[in-house]
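# Coordinate analysis (summary)
What follows is the residue order along each chain.
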Amino acid sequence: MDPVRTCVGCRTRASRSALLRVVVIDSVLVPDERAVLPGRGAWVHETSECLDAALRRRAFVRALRVSGPLDTQTIEKRLNGYGKKVNGSK
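Remember, predicted model here, so these are calculated numbers, not experimental data. Per chain, residues are indexed from 1 in the order of the written sequence. In keeping with the model being predicted, local features are shown solely for residues with a pLDDT of at least 70 and side-chain atom pairs are shown and tallied solely at 80 or more, while totals for entire chains, interfaces and linings include all residues. To get the side-chain values, take all heavy atoms of the structure and skip hydrogens and water.

## Here we look at a negative patch on the surface
As a reminder, the rule being used: Every patch collects residues that have over 30% relative accessible area and no salt bridge, joining them within 9 Å if they carry like charges and within 5 Å if they are nonpolar side chains (Val, Leu, Ile, Met, Phe, Trp, Tyr). Note on areas: Shrake-Rupley with a 1.4 Å probe; residue coverage comes only from the protein chains shown. When a carboxyl oxygen of Asp or Glu is within 4 Å of a side-chain nitrogen of Lys or Arg, the pair counts as a salt bridge. Positive charges come from Lys and Arg alone, negative charges from Asp and Glu alone, with His and the N- and C-terminal ends not counted. For charged residues, the charge sits on one atom: NZ in Lys, CZ in Arg, CG in Asp, CD in Glu. Going along the chain from the N terminus, every DSSP run of H or I of four or more residues is numbered as a helix, and every run of E of two or more is numbered as a strand.
There is a patch of like negative charges on the surface, built from Glu49, Asp52, Asp71 and Glu76. Here Glu49 is to be found in helix H1 (residues 48-56).

## As for the pattern of salt bridges
Summed over the entire model, instances satisfying the criterion amount to three salt bridges. For Arg78, the salt bridge is made with Glu33, and the minimal N-O distance between the two is 2.5 Å. Of the two residues, Arg78 sits in helix H3 (residues 73-79) while Glu33 sits in the loop between strand E4 (28-32) and strand E5 (42-45), which places them 45 residues apart along the sequence. In the salt-bridge network here, residues are joined through shared partners; they are Glu33, Glu46 and Arg78.

## Structural notes on the sheet that holds E4
The condition is simple: Strands qualify as paired when DSSP identifies two bridges or more between them. Here an axis means a line fitted to C-alpha atoms, over the contact stretch when the element is a helix, while the angle between two N-to-C directions is reported on a 0 to 180 degree scale.
Pairing within the open sheet is antiparallel, and its three strands lie in the order E4-E3-E5. Pairing within the sheet leaves two strands with one partner each, and these edge strands are E4 and E5. On average, each strand axis in the sheet is tilted by 40° relative to the strand beside it, whichever way the strands run. Relative to E5, strand E3 (residues 19-25) is paired through four bridges, and the arrangement is antiparallel. Across the sheet, the residue bridging to Leu20 is Val44, located in E5.

What follows is the structure, encoded as structure tokens:
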């Protein structure tokens, strides 16, 4: 049985394997592919709709309990396909 998490964008529950964990490192939203980075994490579907909804609602700020603006460039590139691994490359 796979653990269940809630997407901060659409607020629906889904299995952990269907969501992407996101953490904050130095005010930058960073995708946590293997879900092993330390600190609080927020879970989001890997779609631009859920990411946009989470950013619009300031859901990452609340879920990660941080103050101030967050740099979302890294996560936006990842969800747009620029940061995806190809054929297992690093």
